[in-house]
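Residue strings, one per chain:
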Amino acid sequence: MTVPTIQPGQASLPSASPTHSYWHSQPSQTLLDHRTTSQLPSSAATVIVGSGITGAFVARELIENGASDVVMLEARQACWGATGRNGGHCQPLLYLTKPHIGRFELGTYHFLQDLVRSEAIDCSWESSGGVHAIYSPAVLDLARKVIERLPSDLSSSVHLITDPEKLQTLKLRGNAIAAIVQDHAAKCWPYKLVSHILEALVRKPSFNLQTTTPVTYIQRCDSSYIVHTGRGQIAAENVVLATNAYTSHLLPSFTGFITPVRGHVSALVPPDGQRLAHTYVWSIQKEGDAGESDDYLVQRPTGELILGGERNAVTDGGVGVSSDDEIDPIVAKRLRTVLSSTLKFGEHDTRELEAKYEWSGIMGYSKDASPWVGRVPESLGGRDDGKGNLWVSAGYTGHGMPVAARCGIAVAEWILRKRKDVVDVPSEWLISQDRLDELKALAMPDTLEDELRMLLERDNMR
């Protein structure tokens, strides 16, 4: 039985009064305060904890394949966690990972894009290409070597730009010496994407959504699991934790392996109605910062600049913070001012932009930067006797949009025991005691330069 006592480093429950995300400015009236039944059922075939992109696609795959008695429990409103608080990106990082993982991310990107088009989902999906700015000669040299080693099916959509005139057309300021442009990068309204899925599901008699119902702990009993909430208990053969940053609250064995990290995002008013043709990512460590900040930017069709990052402007970098009920004023100030030193908006640059929305959200950072997907063995709090299964898909390290949907589908396929047409999850992401043991002594890269160097060293050892 997992216990509700909080250990050092363990995540807490989601905040009851979180900051107000831009993506929640048009909430689904169908999903607000939705409870399919007034009382919790006493039992279910599958209980899914979490209603973000992972949980939604677990449920969708189960229901579409004939599963019944699927209950989804959400601590707050539907899709009120990381999926409803991110930066609005969906971009595979083809040059920053192993080729088979890049293909998985690219496959998820195309899966979501095809779904949006086939179901006419009103989520502002736009494939615009992504610009990754480079500021140091060392990073440029490593990036060139990494891209040269990419297989042709990936390298054909990754372009290294060093020509100063071309960099200017990308609106990068002079301190950027190069950029990587990826063809496959999209911006979207993630909450509306997930809301579309959940709205369709709640019309199905086999699906039961219960919002504002935090799960407090999970008990392993003789023939199943008991999921405990303040409103009652549910016995289930399968329990899926689609809880990302909050996973260790219900599964303490993951404390230190999936760590909550608070990020900040702002919706900014652009100077003089300036427009950006691409999405942007950059990593810079400023003097006095706790580390390198990964910043990310998209522009909405209505003009707002959705900018996230700058978390290392504060000493703790948001690491270990489970609460998204406040804004750090230092990070918020940095987000309002950082664009003046990064992008060029013509002749009317503004040092500090007006923020229409400022919010925080909690990401789940994995110790090895890889998601955790699969059945939880007994040694980690699950069971091996075949009497019920505990599943996890979490720990996306701020990169959930191009991976989480198909990770969720894979978990559903394992529950369904599908034998063909299954999602092939990278083996590095599967859950095992051996993986946790190996990670106890692992040192992860702290900067983009370190990350690129690690990729090259790994290739050289083949």
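Since this is a predicted model, take the numbers as computed values, not measurements.

Participant: Any chance you could explain the environment of Tyr-191 here in plain terms?
Facilitator: With respect to the helices and strands, Tyr-191 occurs in helix α6 (residues 190–201). As a C-alpha pair, Tyr-191 and Gln-29 span 162 residues in sequence and 13 Å in three-dimensional space. Aside from chain neighbours lying at most four places away, what touches Tyr-191 is Trp-23, His-24, Gln-26, Pro-27, Ser-28, Ala-78, Cys-79, Trp-80, Thr-83 and Gly-84. At a separation of 2.9 Å, a polar atom in the side chain of Tyr-191 contacts the main-chain amide nitrogen of Ser-28.

Participant: I would appreciate a short explanation of the packing of helix α1 (residues 53–64) against α6 in the present structure.
Facilitator: When two helices pack together, their arrangement is given by the angle between their axes and by how far apart the axes lie. Packing of α1 against α6 leaves a shortest axis separation of 10 Å and a crossing angle of 35 degrees. The chirality of how α1 crosses α6 is left-handed. Packed against α1, whose contacting residues are Ile-53, Ala-56, Phe-57, Ala-59, Arg-60 and Ile-63, the element α6 presents Val-194, Ile-197, Leu-198 and Leu-201 at the interface.

Participant: Honestly, the pairing of strand β15 (residues 293–299) in this entry has me stumped. Any pointers?
Facilitator: With five of its seven residues buried, β15 lies for the most part within the structure. Sheet topology places strand β14 (residues 279–284) next to β15; five bridges connect them, and they run antiparallel. Looking at the pairing, Tyr-280 lines up with Leu-297 of β15. Examined bridge by bridge, β15 and strand β16 (residues 305–308) share four bridges and lie antiparallel to one another. Residue Val-298 lies in a different strand from β16, and its bridge partner there is Ile-306. Once β15 ends, the chain turns through five residues before running back antiparallel as β16, passing Gly-303 with a positive phi of about 110 degrees.

Participant: What should I look at first to understand the nonpolar core in this one?
Facilitator: Soluble, globular proteins show a tendency: their nonpolar side chains are buried together. Ranked by size, the top nonpolar core spans 77 residues in total, and within it Ile-48, Trp-125 and Phe-207 carry the most contacts. If you tally residues by element for this core, the top one is helix α9 (residues 404–416), at eight residues. Leaving out residues up to four positions away in the same chain, Trp-125 has contacts with Cys-90, Tyr-109, Leu-112, Gln-113, Val-116, Ala-186, Lys-187 and Cys-188. Judged by nonpolar contacts, the second largest core, of 28 residues, contains Leu-40, Ile-218, Leu-251 and Ala-394.

Participant: I tried to follow the sheet that holds strand β4 (residues 126–127) on my own but got confused; where do I start?
Facilitator: To summarise the sheet geometry, strands pair through backbone hydrogen bonds and adopt either a parallel or an antiparallel arrangement. Strands sit in the order β3-β8-β4 across an open sheet of three strands; the sheet is antiparallel. Strands at the two margins of the open sheet, each flanked by one partner only, are β3 (89–90) and β4. Looking at chain direction, β4 and strand β8 (residues 186–187) are connected through two bridges and run antiparallel. By the bridge assignment, Ser-127 is partnered in β8 with Ala-186.

Participant: Explain the sheet that holds strand β17 (residues 355–366) to me, please; I cannot follow it from the model alone.
Facilitator: Strand order in the open sheet made by the eight strands is β6-β7-β5-β14-β15-β16-β13-β17, with mixed pairing throughout. At either end of the open sheet lies a strand with only one pairing partner, and these are β6 (158–161) and β17. For this sheet, the mean inter-axis angle between neighbouring strands, taken without regard to orientation, is 20 degrees. In the sheet, β6 pairs with strand β7 (residues 178–182) via four bridges, with the strands oriented antiparallel. In the strand pairing of β7, Val-158 is matched with Gln-182. Its contacts with the sheet put helix α3 (residues 137–148) on β5 (130–134), β6 and β7, and the angle it makes with β6 is roughly 150 degrees. Relative to the sheet, helix α8 (residues 329–337) contacts β13 (258–268), β16 and β17, its axis offset from that of β13 by approximately 45 degrees.

The rules behind each value
Residues numbered from 1 in each chain as written. Predicted model: local features only at pLDDT ≥ 70, side-chain atom pairs only at ≥ 80, totals over all residues. Heavy atoms only, no water. Helix = DSSP H or I, 4+ residues; strand = E, 2+ residues; numbered from the N terminus. Contact = heavy atoms within 4.5 Å. Polar contact = N/O pair within 3.5 Å; in protein donor to acceptor, adjacent residues only side chain to side chain. Axes fitted to C-alpha atoms, helices over the stretch in contact; angles between N-to-C directions. Left-handed = near helix turned anticlockwise from the far one by under 90°. Buried < 20%, exposed > 50% of the residue type's maximum accessible area, 1.4 Å probe, protein only. Pairing = 2+ DSSP bridges. Core = buried A, V, L, I, M, F, W, Y, C linked by side-chain atoms within 4.5 Å.

By themselves, these observations are geometric and do not establish any function.
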